[in-house]
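Listed below, chain by chain, are the residues.
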Amino acid sequence: MTASPLPPPPALVERAAAWVAGARRILCVTGAGVSAESGLPTYRGVGGIYDGVDTDDGIAIEEALSGPVFRRAPETTWKYLLQIERACRGATPNAAHEILARWSRDARPPAEVWVLSQNVDGLHSVAGSRHLIEIHGDLHRLRCTTCDWRDRVDDYEALSPLPTCPNCGALIRPEVVLFEETLPSTATRRLHAQLALGFDLVFSIGTSSQFPYIVQPVVMAKHQGLPTVEINPRETAISALVDLRLPCSAGLALEAIDRVLGGAP
Ligand code: NAD
Ligand code: ZN
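Model, not experiment: these values are computed from the prediction. (Residues numbered from 1 in each chain as written. Chains lettered and ligands numbered in written order. Predicted model: local features only at pLDDT ≥ 70, side-chain atom pairs only at ≥ 80, totals over all residues. Heavy atoms only, no water.)

Visitor: Explain the overall build of the protein chain residue by residue, including any values.
Guide: Along its length, the protein chain carries ten helices and nine strands. Relative to the globule expectation of 18 Å for 265 residues, the C-alpha radius of gyration of the protein chain, 19 Å, shows essentially globular dimensions. If one aligns the C-alpha atoms of the protein chain with their principal axes, the spans along those axes are about 55 × 40 × 35 Å. In the protein chain, 66% of the contacts between residues at least 6 apart in sequence involve partners at least 24 apart. In the structure as shown, the protein chain presents an accessible area of about 12100 Å², 52% of it carried by carbon and sulfur atoms. Of note, the protein chain has its 24 positive side-chain charges centred 6 Å away from the centre of its 30 negative side-chain charges. (Helix = DSSP H or I, 4+ residues; strand = E, 2+ residues; numbered from the N terminus. Rg over C-alpha atoms; globule rule 2.2 N^0.38 Å. Contact = heavy atoms within 4.5 Å. Areas by Shrake-Rupley, 256 points an atom, 1.4 Å probe, with all protein chains shown as cover. Lys, Arg positive; Asp, Glu negative; His and termini not counted. Charge placed at Lys NZ, Arg CZ, Asp CG, Glu CD.)

Structure, rendered in structure tokens:
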């Protein structure tokens with residue numbers, strides 16, 4: 001099932017665009033739905049590959065991609081990492097990535113547009129988003145579990161099912177946050193610093209909002225009486241909380257807002 005091709009209601013688009021035009025600091029929280037139009041499957045919700053179904057190994061995807069399973073049975077975790085990377089291979093940024101990147105590049109200081117993404121596909125970075133926090137890391141960065149070997153790869157084509165370090169022979173892994181692992185401290189420090197500076201508009205785009213640190217910026221904005229917008233064809237954990245919902249795909253909604261703005265925030 002793909003996201004609804006219906007355009008967002010014009011009155012709601014106008015309202016969101018007015019908020020964007022009047023905001024100095026904007027935070028866009030993004031999830032797998034933003035990459036759906038680049039052909040990447042989401043986990044849950046519209047187009048979700050693991051929506052309520054277990055993996056071939058009879059366990060939930062969250063378990064297969066968890067720190068404990070990686071330690072106990074790394075071949076299982078690597079099997080799904082390889083599957084996910086194969087699904088990402090050759091994907092390019094779509095209109096949603098491009099518009100957020102352009103907003104971030106065109107915003108005139110002190111205005112800033114930040115992206116807090118859970119995606120590990122690296123597409124916000126490829127699109128050129130300037131202020132980007134990839135809170136779950138990037139699949140394309142690999143590191144050894146034992147020594148300090150690190151590498152950046154375009155894809156996993158050359159990797160074996162259980163890849164090892166060219167330096168010391170130990171297991172390697174991508175620099176992504178597996179389920180039940182702690183978040184990278186540099187990314188969390190950057191996020192907290194930006195939240196402390198404050199945002200005057202928060203978007204939540206294409207995420208099922210499963211994690212507290214993904215919900216928190218929306219809750220904070222709400223408590224401060226600041227506007228919040230959700231872009232998602234399906235209702236989520238935060239739908240009842242936001243001021244405005246655009247129930248359509250990320251690309252259609254952002255293109256519509258961008259058109260009202262005349263191409264600049
Ligand atoms: P999720 O799969 O839980 O939810 C995706 C959300 O996107 C759903 O609410 C769905 O309704 C919505 N959606 C589907 N198509 C859309 C579209 N065209 N436009 C807007 N919204 C759309 O994803 P999540 O909330 O990001 O989940 C969390 C975990 O999944 C994260 O840990 C993330 O790292 C991982 N993940 C990443 C990718 C990726 O990097 N592309 C892909 C799948 C999952
Ligand atoms: Zn090593």
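From this point, the discussion proceeds with the structure in view.
Visitor: Account for the sheet that holds strand β5 (residues 150–152), naming residues and giving values.
Guide: Strand order in this open sheet of three strands is β5-β4-β6, and the pairing throughout is antiparallel. Each end of this open sheet is capped by a strand with a single partner; those strands are β5 and β6 (172–176). The average undirected angle you get between the axes of adjacent strands in this sheet is 35°. As judged from the three bridges shared by strand β4 (residues 137–144) and β5, these two strands associate in the antiparallel manner. Looking at the pairing, R143 lines up with R150 of β5. Running at roughly 135° to β4, helix α5 (residues 74–88) makes contact with β4 and β6 of the sheet. (Pairing = 2+ DSSP bridges. Axes fitted to C-alpha atoms, helices over the stretch in contact; angles between N-to-C directions.)

Visitor: How would you explain unusual backbone geometry if you had to name every residue and give the values?
Guide: Cis geometry marks the peptide bond from P109 to P110, where omega comes out at 5°. With respect to the element layout, P110 can be found in the loop between α6 (95–106) and β2 (112–117). Despite not being glycine, E180 shows a phi value in the positive range, around 75°. Here E180 lies in the loop between β6 and α8 (185–197). Even without a glycine there, the phi angle at S209 is positive, about 55°. Secondary-structure assignment places S209 in the loop between β7 (201–205) and α9 (212–223). Here S209 falls in the buried class, since its relative accessible area comes to 6%. (Buried < 20%, exposed > 50% of the residue type's maximum accessible area, 1.4 Å probe, protein only.)

Visitor: Summarise the domain arrangement of the protein chain; cite the residues concerned and give the values.
Guide: Many structure descriptions define interface size as the accessible area lost when the parts assemble. One can read the domain layout of the protein chain as domain 1 (10–40 + 92–136 + 182–260) and domain 2 (42–90 + 139–176). Taken together, the 14 residues of domain 1 in the interface contact 13 residues of domain 2. Both sides of the domain 1 and domain 2 interface together cover about 970 Å² of buried area, and 58% of this is carbon and sulfur. Of all residues in domain 1, L40, V120 and R234 give up the largest surface area on contact with domain 2, accounting jointly for 45% of the area buried on that side. One can count zero salt bridges joining domain 1 with domain 2. Taken together, the connections running from domain 1 to domain 2 amount to one residue pair in polar contact (both at pLDDT 80 or more). (Domains from an automatic or database assignment. Buried area = accessible area lost by both parts, 1.4 Å probe. Salt bridge = Lys/Arg side-chain N within 4 Å of Asp/Glu carboxyl O. Polar contact = N/O pair within 3.5 Å; in protein donor to acceptor, adjacent residues only side chain to side chain.)

Visitor: Kindly report on the sheet that holds strand β1 (residues 25–30), identifying the contributing residues and their values.
Guide: The parallel open sheet is built from six strands, whose spatial order is β3-β2-β1-β7-β8-β9. Each edge of the open sheet carries a strand with a single partner, namely β3 (131–134) and β9 (244–246). For this sheet, the mean inter-axis angle between neighbouring strands, taken without regard to orientation, is 15°. Inspection of the sheet shows strand β8 (residues 228–231) paired to β9 by three bridges, in the parallel sense.

Visitor: Explain the site of ligand 1 to me, using residue names and the numbers behind them.
Guide: Contacts to ligand 1 come from 29 residues, most closely from Y43, Q118, D121, T207 and S208. Interatomic distance of 2.7 Å between a side-chain N/O atom of D121 and a nitrogen atom of ligand 1. At 2.9 Å from an oxygen atom of ligand 1 is found a side-chain nitrogen or oxygen belonging to N232. For ligand 1, whose free accessible area comes to 840 Å², the fraction covered by protein is 97%. The dominant element in the shell around ligand 1, judged by the number of residues it contributes, is helix α2 (residues 33–36), at three residues. Residues belonging to the shell around ligand 1 are distributed by class as follows: eleven nonpolar, 14 polar and four charged. Looking at which domains feed residues into the shell around ligand 1, each of domain 1 (10–40 + 92–136 + 182–260) and domain 2 (42–90 + 139–176) supplies at least three. (Near = heavy atom within 4 Å. Nonpolar A, V, L, I, M, F, W, Y, C, P; charged D, E, K, R; others polar.)

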